[in-house]
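Next come the chains, spelled out residue by residue.
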Amino acid sequence: MDTISAIHARHSCRAFCRQPVPEHELTQILLAGQQAPIAQAMYSNMQLTAIHDRRLIDTFTARFQRLTANLDASPFYDAPTLVVIATNSYIAEGIGLANAGAVAQTMMLAATSLGISSVLLTSWVRVLRDQKDLIDQLLLERTLVPVAAVALGYAKNKDAQAPTPRSMTVKHVY
Ligand SMILES: Cc1cc2nc3c(=O)[nH]c(=O)nc-3n(C[C@H](O)[C@H](O)[C@H](O)COP(=O)(O)O)c2cc1C
């Protein structure tokens, strides 16, 4: 799939099959993420942690449910694979988030071109970021904090989520 087609085909998946993402595809997605633009080219400010273990994702989900008192919450949509994006806590929060956005979109476009569904997730961070026992499982380098994750997998219903055309205000100045 060419890049323009991948951009138009990408959409958020919120219902995943259990089937894991093959290692070869995940490796390509992780390599793509590392090609993203990063402020001042400080790539050491970023870390990607790929969680291959569904049980760990389930543990994160259970803690999220307990802390939000919502047993129906499914912040990771049962995705089999999660790539947590962490950034240096010493850089400006806006820069860290912009870096994470660039990494996430690059990974999601790579995933789309490989036929793998994805969704960018941030709501879990606010709830779980102080849960040291869970955050320790992410093997983050010192000073790095999680800011987002990309859930990856195969969509349960491939036809259910055809992307709709979007529009933003666009102006031209000549
Ligand atoms: C910064 C950011 C944070 C997001 N966090 C979440 C999230 O926590 N949970 C979720 O289901 N979707 C999340 N999304 C996905 C958006 O809801 C989604 O991209 C948007 O509705 C457009 O739909 P599309 O991705 O299908 O094009 C997030 C997207 C962005 C850019």
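Anything mentioned here points back to the structure above.
Description of the structure in this document. (Residues numbered from 1 in each chain as written. Predicted model: local features only at pLDDT ≥ 70, side-chain atom pairs only at ≥ 80, totals over all residues.)

Residue pairs spaced three or four apart in an α-helix point in one direction, given the helix's 3.6 residues per turn. The end-to-end C-alpha distance of helix 3 (residues 54–67), which contains 14 residues, comes to 20 Å, matching closely the 20 Å that a straight helix rising 1.5 Å per residue would cover. Looking only at helix 3, the buried set comprises Ile 57, Phe 60 and Phe 64. Looking straight down helix 3, one finds its buried side chains confined to an arc of 55°; they lie on one side. Exposed residues lying more than 90 degrees from the buried face of helix 3 are Arg 55, Asp 58, Ala 62 and Arg 66. Elements that come into contact with the buried residues of helix 3 comprise strand 1 (46–51), strand 2 (81–88), helix 5 (123–128) and helix 6 (132–136). One or two residues past the end of helix 3 sits Ala 69, with phi positive at roughly 50°. (Helix = DSSP H or I, 4+ residues; strand = E, 2+ residues; numbered from the N terminus. Expected span 1.5 Å × (residues − 1). Buried ≥ 20, exposed ≤ 12 C-beta atoms within 10 Å, placed from the backbone. Arc of directions from axis to C-beta. Contact = placed C-beta atoms within 7 Å.)

Moving on to helix 2 (residues 23–33). Among the residues of helix 2, those classed as buried are Leu 26, Ile 29 and Gly 33. The buried side chains of helix 2 occupy one side of the element, clustering within an arc of 60° when seen end-on. Seen from the buried face of helix 2, the exposed residues on the opposite side, beyond 90 degrees, are His 24, Thr 27 and Leu 31. Contacts from the buried residues of helix 2 go to strand 1, strand 2, helix 4 (93–113) and strand 4 (144–153).

Secondary-structure assignment places Ser 113 in helix 4. On the neighbour-count criterion, Ser 113 (19 C-beta atoms within 10 Å) is partly exposed. For the pair Ser 113 and Ala 9, spaced 104 residues apart in sequence, the C-alpha separation works out to 8.6 Å. Contact partners of Ser 113, with chain neighbours within four places excluded, come to Met 1 and Ala 6.

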